[in-house]
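Single-letter residue listing:
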Amino acid sequence: SIEPLVAALGDRDPVVRDVAAAALVRVGIPAQQAVIEALSLPALEAGALTALIGLADPPSPALHAYAERQATQAVRYHKLWERLDPRRDERVALLADAVRHRALLHALRGLRAVAAGRAEAAMAIDNLSSRDGQQRANALETLEASGEPDIVRPLLAVWDAGQPRGVDTVSAIGAILGDDDPWLRACAALAAGGLSDRRLGSDLLDRARSDPDPLVREALSPRGGDVETLSTLSLLERILFLRKVPLFVDLSPGDLRHIAEAASEHVYPDGEVIAEQGEAGDEMHIVVEGEIRVMVDAGEGPSRELARRTKGENVGEMALLTGESRMASLVCTGPVRTLSLDRKRFERILRERPDVGLAVMRVLSDRLRESDSRSRSPASG
């Protein structure tokens, strides 16, 4: 039966999705219609597209129609993004990034559908994410010459965009408040709540206040104040904070949402020992407020302070990555608030979002340099 394989196309784990897509490719023609139907279901869409592209004889009419729909959506979101001014404040910046990511997602899916069965075009799509500007330019040129110009050219314009013009932030927010996607509506509601300009109209705001999605309703009524002054953080407040954390700075708003949902919030008093040296490391912590001292007990004399982690820094990730006991204790200096991820959730994030893994590698590299600097310092001896 192919039904379980089709259902697995929507699994949260990308490895499971890829395995299911590969299995459906092996089934071949008998699975084709079910996979085409899965394209219309958002939860299955990405996996279904992978399966269709992998078929030896992909159904061109179905993929062509799909590519046209994706191109239309990509251009629509791109035009909305162009109207937003992310310099206005951090909430509009979050919305702009969410809309930009949605435009790129539709553009990528449209390009992949067009490139089905064309190895050179598929390789060019992979190169679109390169940090090398010349490599990206070559990829865009290859895709433009690969055929389907009516579909491809508008998508290349989406991919090669510069900065949004910010010509009409208010009306763009109003348009996004009516979007089909509740996540984008929530980001728009958050941005609307921070506007002093109320030209959005009371009817649109009233509709947002009665939105069926609770995140949208919550976003339209910001509590105000800095993160440090709030007793607890809402989901969107967590996301706004995580956007400033170096470990997660390269992630999309949607990815940050998953991390914010997975994190648990803790508040500790001055002097509290969050974790003891030698115990199993089952959590990593991101400092929201206060300072955490990293203390080592060498067995003789007082404990030695190795480092301090302050707002936006993470601590405790080494024990999660290595599976070994903690090499130091974590002690609060003053009141401390953290967002924490346990081992299971952290490993899932690394598996599902490779960009986090790359960021962790950068942080670990910085920590190694920090450790090496301490060891070379005369005071350390």
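Residues numbered from 1 in each chain as written. Predicted model: local features only at pLDDT ≥ 70, side-chain atom pairs only at ≥ 80, totals over all residues. Heavy atoms only, no water.

### Examining the overall build of the protein chain
The number of helices and strands found in the protein chain is 18 helices and 6 strands. In terms of overall dimensions, the protein chain has a C-alpha envelope of 75 × 55 × 45 Å along the principal axes. Counted over contacts in the protein chain with a minimum sequence separation of 6, partners at least 24 positions apart contribute 68%. A total accessible area of about 18,900 Å² is found for the protein chain, and carbon and sulfur atoms account for 51% of it. Distance between charge centres in the protein chain, computed from 48 positive and 59 negative side chains, equals 2 Å. (Helix = DSSP H or I, 4+ residues; strand = E, 2+ residues; numbered from the N terminus. Contact = heavy atoms within 4.5 Å. Areas by Shrake-Rupley, 256 points an atom, 1.4 Å probe, with all protein chains shown as cover. Lys, Arg positive; Asp, Glu negative; His and termini not counted. Charge placed at Lys NZ, Arg CZ, Asp CG, Glu CD.)

### Comments concerning helix α4 (residues 45-54)
Those residues of α4 not exposed but buried are Glu45, Gly47, Ala48, Leu49, Ala51 and Leu52. Elements in contact with the buried residues of α4: α2 (14-27), α3 (29-38), α5 (60-83) and α6 (90-114). (Buried < 20%, exposed > 50% of the residue type's maximum accessible area, 1.4 Å probe, protein only.)

### With respect to the side chain of Arg243
Tracing the backbone shows Arg243 in the loop between α14 (235-242) and α15 (253-262). One polar contact links Arg243 to Asp97, side chain to side chain, over a distance of 3.0 Å. When neighbours within four sequence positions are excluded, Arg243 is seen to be in contact with Ala93, Leu94, Asp97, Val249, Pro253 and Leu256. (Polar contact = N/O pair within 3.5 Å; in protein donor to acceptor, adjacent residues only side chain to side chain.)

### Observations concerning the pairing of strand β6 (residues 329-342)
For β6, a buried count of 11 out of 14 residues is recorded, marking the element as mostly surrounded by other parts of the structure. Summarising the sheet, strand β1 (residues 264-268) and β6 pair through 5 bridges and their orientation is antiparallel. Bridge pairing in β6 links Tyr268 to Val336. As judged from the 2 bridges shared by strand β2 (residues 273-275) and β6, these two strands associate in the antiparallel manner. Across the sheet, Ala275 pairs through a bridge with Leu330, a residue of β6. (Pairing = 2+ DSSP bridges.)

### Let's talk about the confidence of the model for the protein chain
Detailed reading of the predicted model is not advised wherever pLDDT is low. Mean pLDDT over the protein chain works out to 84, with 90% of the residues at or above the 70 mark. Within the protein chain, no element has a lower average pLDDT than helix α18 (residues 354-376), which sits at 67, and none a higher one than helix α1 (residues 3-8), at 94. (pLDDT = per-residue confidence, 0-100.)

### Digging into the packing of aromatic side chains
Overall, the coordinates contain 0 aromatic pairs when judged by the stated rule. In this structure, Arg76 packs its charged tip against the face of Tyr77, placed 4.3 Å from the ring centre. The residue whose ring lies beneath Arg100 is Trp81, and the NZ or CZ to ring-centre distance is 4.9 Å. (Phe/Tyr/Trp six-rings, centres within 6.5 Å; stacked < 30°, edge-to-face > 60°. Lys NZ or Arg CZ within 6 Å of the ring centre and 35° of its normal.)

### Observations concerning the pattern of salt bridges
As a working rule, side chains carrying opposite charge can pair if their charged atoms are close by. Enumeration according to the criterion identifies 16 salt bridges in this entry. We note a salt bridge from Arg102 to Asp181, for which the minimum N-O separation is 2.2 Å. Pair noted here: Arg102 is in helix α6 and Asp181 is in the loop between α10 (169-177) and α11 (182-193), with a separation of 79 residues, a long-range link. Both residues of the pair, Arg102 and Asp181, count as buried. Between Glu305 and Arg308 there is a salt bridge; the shortest N-O distance is 2.9 Å. Three or more residues are tied together by salt bridges with common partners; here these are Arg238, Glu265, Glu289 and Arg337. (Salt bridge = Lys/Arg side-chain N within 4 Å of Asp/Glu carboxyl O.)

### Concerning the packing of α6 against helix α9 (residues 149-159)
The N-to-C vectors of α6 and α9 enclose an angle of 145 degrees; their axes lie 9 Å apart at closest approach. Crossing geometry of α6 relative to α9 is assigned as left-handed. For the pair α6 and α9, contact is made by Arg100, Ala103, Leu104, Ala107, Leu108, Gly110, Leu111 and Val114 and by Ile151, Val152, Leu155, Val158 and Trp159, respectively. Tallied by class, residues from the contact of α6 with α9 come to 11 nonpolar, 1 polar and 1 charged. (Axes fitted to C-alpha atoms, helices over the stretch in contact; angles between N-to-C directions. Left-handed = near helix turned anticlockwise from the far one by under 90°. Nonpolar A, V, L, I, M, F, W, Y, C, P; charged D, E, K, R; others polar.)

### Here's the deal with the packing of helix α8 (residues 133-144) against α9
One can describe the packing of α8 onto α9 by two numbers: an axis separation of 10 Å at closest approach and a directional angle of 165 degrees. With respect to their mutual orientation, α8 and α9 come out roughly antiparallel. In the packing of α8 onto α9, the handedness of the crossing is right-handed. Every residue of α9 that contacts α8 at Leu140, Leu143 and Glu144 is listed here: Val152, Arg153, Leu156 and Trp159. Classifying every residue of the contact of α8 with α9 by side-chain character gives 5 nonpolar, no polar and 2 charged. (Parallel < 35°, antiparallel > 145°, perpendicular 65-115°, else oblique.)

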